[in-house]
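# Close look at the chain arrangement
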Amino acid sequence: MPHQPTRRDVLRAGAATGLGLLVGPSAFALSTRKDPIRFAIVGVAGRGGANLQSAAAAGKVVALCDVDAQHIAKAVVQYPDANTYTDFRVMLESMGNEIDAVVVSTPDHTHAVAAAAAMKMGKHVYCEKPLSRTIGEARKLTALARSSRVATQMGNQGTAGIHLKRSAALIKSGAFGAVKEVHCWTDRAGGWWPQGVPRPEIKLRPRHVDFELWLGPSPNRAYSQGYHPFAWRGWWDFGSGALGDIGCHCMNLPFAALDLRDPIAVQATTSGHNRDSFPSWSIVKYEFGARSGRGPVALSWYDGGKVPPQDIAGNLKLAPNGCLIVCDNATLYSAGEYGGEAVLVSGETMPTIEVEESPGHFAEFVDMINGTRRAGSNIADYSGALTETVLLGNLAVWADGPRLEWDSRNMRVKGAPEYDALISPEPRYGWEF
């Protein structure tokens, strides 16, 4: 039976989830900006198109960068004063003094190298989820965000959602007792993009796509429509599979509530795969040790049509994406990938709690640039660690069976150096961090 949180519970939980104060070891320098923020957009289609609109509403778009000339042609119609590029490295070199912030909305395999190049130049960075394709890249981006003291934000929009913030605060307050286990799932891949398939047929590269630049740090391979512009997510060299795509969303609520960083072990069962394309489905078991006043927690991840046992959800029909959090005194169900409004499986009424409302996910990033608040999913404090947790599951997916004990401090699988190349792969020449 959940209890109603006290004022003390509310203050403690709200402070733990609000991230509104400019304090702590990664605090950045306050800004006295008066001029509009000058944005450069790397990747202008898909999520990049939405981020482009957010940037234009918050400041001035001065540069557009995309390896696809057709994407650039569409974007420049709306922003004719922006300079255009196919290579973000050339853009940063030629326009460095005219750019304040860089928005990275490329495929996973070029997130880290683009974000790192911008941060090294002192530019604020908004990067789509996951921050990187690999754990090693995420760790390096976290260190860069702390040392450069720039404003950062990862594009997992649910972090700013009032429902996610309330649910996380209630769990932190102890309203439902100790958390015993967590279950997160997604319907990806399947009908969204293919996984567990052979390489697609080689095609003649379209003249409007610079595929060499699109490959970036990943190993060279011939062009196919099965990679660009969307199906790259299912390939180990370019994407991070269903877990990397939706994990930063569906696992966000329990991560915020329970500080689920630095797992101690991970293990996966899959449909089987050729280690070129991700498996068509996987079930990943995470183990977390006691931390921050909570006890040990087990988290199970399901994708490709796999879902948690129905008895955990009672009579509730599970949505295609969602999260179940099993506590001593209640089980919470949040439908959708963004940590939507949670309900109690028992049918009882959720307790109420007050939390700080967000002005909006991208607005938080702008506020951090202006020095008025910390963005909730900033890399230094939050999304770097979240990305590491999510991507660790892919090591288990690759292994497909063995339980991997994780040494977070040294960023390695204990007693298994064969995974080192997956954790921190060598990029192609010219694309080093």
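Right above here is the structure, for reference.
To keep things clear, this report deals only with the structure shown in the data block. (Residues numbered from 1 in each chain as written. Predicted model: local features only at pLDDT ≥ 70, side-chain atom pairs only at ≥ 80, totals over all residues. Heavy atoms only, no water.)

## Details of the pairing of strand 7 (residues 179–185)
Inclusion rule: Burial here depends on accessible area, computed with a 1.4 Å probe over protein chains only, as a share of the maximum for the residue type. Under 20% is buried, over 50% is exposed, and the range in between is partly exposed. Secondary structure elements follow DSSP: runs of H or I no shorter than four residues count as helices, runs of E no shorter than two count as strands, and numbering proceeds from the N terminus. Any two strands are treated as partners once DSSP identifies two or more bridges connecting them.
Within strand 7, five of the seven residues are buried, leaving the element largely enclosed by the surrounding structure. Inspection of the sheet shows strand 7 paired to strand 11 (residues 322–327) by six bridges, in the antiparallel sense. Note that in strand 11 the partner of V179 across the bridge is C327. Pairing of strand 7 with strand 10 (residues 297–303), which is carried by five bridges, proceeds in the parallel orientation.

## A short note on the nonpolar core
Quick reminder of the rule: Only buried Ala, Val, Leu, Ile, Met, Phe, Trp, Tyr and Cys residues count toward a nonpolar core, and they belong to the same one when joined by side-chain atoms within 4.5 Å.
Judged by nonpolar contacts, the single largest core of 101 residues is most densely connected at M91, F176 and W301. A total of 13 residues in this core trace back to one element, the largest contributor, which is helix 13 (residues 379–399). Among the nonpolar cores identified, the runner-up in size contains 22 residues, and F39, I41, A75 and I369 belong to it.

## Some thoughts on the side chain of S224
Filter applied, for reference: We call two residues contacting when some pair of their heavy atoms lies within 4.5 Å.
If you trace the backbone, S224 turns up in the loop between helix 8 (211–215) and helix 9 (241–250). S224 gets classed as buried once you look at its relative accessible area, which sits at 3%. With residues up to four places along the chain from it excluded, the contact list for S224 reads P200, E201 and K203.

## Describing the environment of P130
Following the sequence through the fold, P130 ends up in the loop between strand 5 (124–127) and helix 6 (135–148). Judged by relative accessible area, which is 0%, P130 ranks as buried. Here the alpha-carbon distance between P130 and R412, two residues 282 residues apart in the chain, equals 20 Å. Discounting chain neighbours no more than four positions away, the residues touching P130 are D108, H111, M154, S240, G244, C248 and T387.

## Topic: the packing of aromatic side chains
The following threshold applies: Stacked, tilted and edge-to-face are the three classes applied to pairs of Phe, Tyr and Trp rings, where Trp contributes its six-membered ring and a pair requires centres within 6.5 Å; stacked means planes under 30 degrees apart, edge-to-face means over 60, and tilted covers the rest.
Under the counting rule described, the total for this entry stands at 16 aromatic pairs. Centroid distance F362 to F365: 5.7 Å. Interplanar angle 75°. Geometry classified as edge-to-face. Here F362 pairs with F365, and both are found in helix 12 (residues 361–369), just three residues apart, close to one helical turn. The pair formed by F362 and F365 is uniform in burial state, with each residue classed as buried.

## Examining the environment of W232
Threshold: Here a polar contact is recorded for every N or O atom pair within 3.5 Å, except that within protein the pair must consist of a potential hydrogen donor and a potential acceptor, and residues adjacent in sequence are included only if both atoms are side-chain atoms.
Its place among the elements puts W232 in the loop between helix 8 and helix 9. With relative accessibility at 6%, the residue W232 sits in the buried group. Residues W232 and P194, spaced 38 residues apart in sequence, show a C-alpha to C-alpha distance of 9.2 Å. With near-sequence residues (within four places) excluded, W232 lies in contact with P107, D108, W214, G226, Y227, F238 and G239. Of note is the side chain of W232, whose polar atom sits 3.3 Å from the backbone oxygen of P229.

## Points about helix 9
For helix 9, the tally of buried residues reaches 10 of 10 residues, placing the bulk of the element in the interior. Among all positions in helix 9, only G241, A242, L243, G244, D245, I246, G247, C248, H249 and C250 are buried.

## A word on the environment of R38
Mapped onto the elements, R38 comes out in strand 1 (residues 37–42). Note: C-alpha distance between R38 and A101 (63 residues apart in sequence) is 6.3 Å. There is a polar contact of 3.4 Å between the side chain of R38 and the backbone oxygen of N97.

## Regarding unusual backbone geometry
Residue P130 is reached from K129 by a cis peptide bond, and omega for that bond is -20°. Residue A189 is reached from R188 by a cis peptide bond, and omega for that bond is 10°. Backbone geometry places D400, a non-glycine residue, at a positive phi of 55°. Along the chain, D400 turns up in the loop between helix 13 and strand 14 (404–407). According to the relative accessible area criterion, D400 is partly exposed, its value standing at 30%.

## Comments concerning the packing of helix 5 (residues 111–120) against helix 6
Applicable threshold: To define axes, lines are fitted to C-alpha atoms, for helices over the stretch in contact only, and angles between the resulting N-to-C directions are given on a 0 to 180 degree scale. To sort the angles, those under 35 degrees are grouped as roughly parallel, those over 145 as roughly antiparallel, those from 65 to 115 as roughly perpendicular, and the leftovers as oblique. Left-handed is the label given to a crossing in which the near helix is rotated counterclockwise from the far helix by less than a right angle, and right-handed is the label when the rotation is clockwise. In this classification, the charged set is Asp, Glu, Lys and Arg, the nonpolar set is Ala, Val, Leu, Ile, Met, Phe, Trp, Tyr, Cys and Pro, and all remaining amino acids, among them Gly, are polar.
Contact pair helix 5 / helix 6: the axes reach a minimum separation of 10 Å and the direction vectors enclose 15°. In terms of orientation, helix 5 and helix 6 fall into the roughly parallel class. Both helix 5 and helix 6 take part in a crossing whose hand is left-handed. Here A112, A115, A116, M119 and K120 of helix 5 lie close against helix 6, whose contacting residues are E137, L141, L144, A145 and S148. Residues belonging to the contact of helix 5 with helix 6 are distributed by class as follows: seven nonpolar, one polar and two charged.

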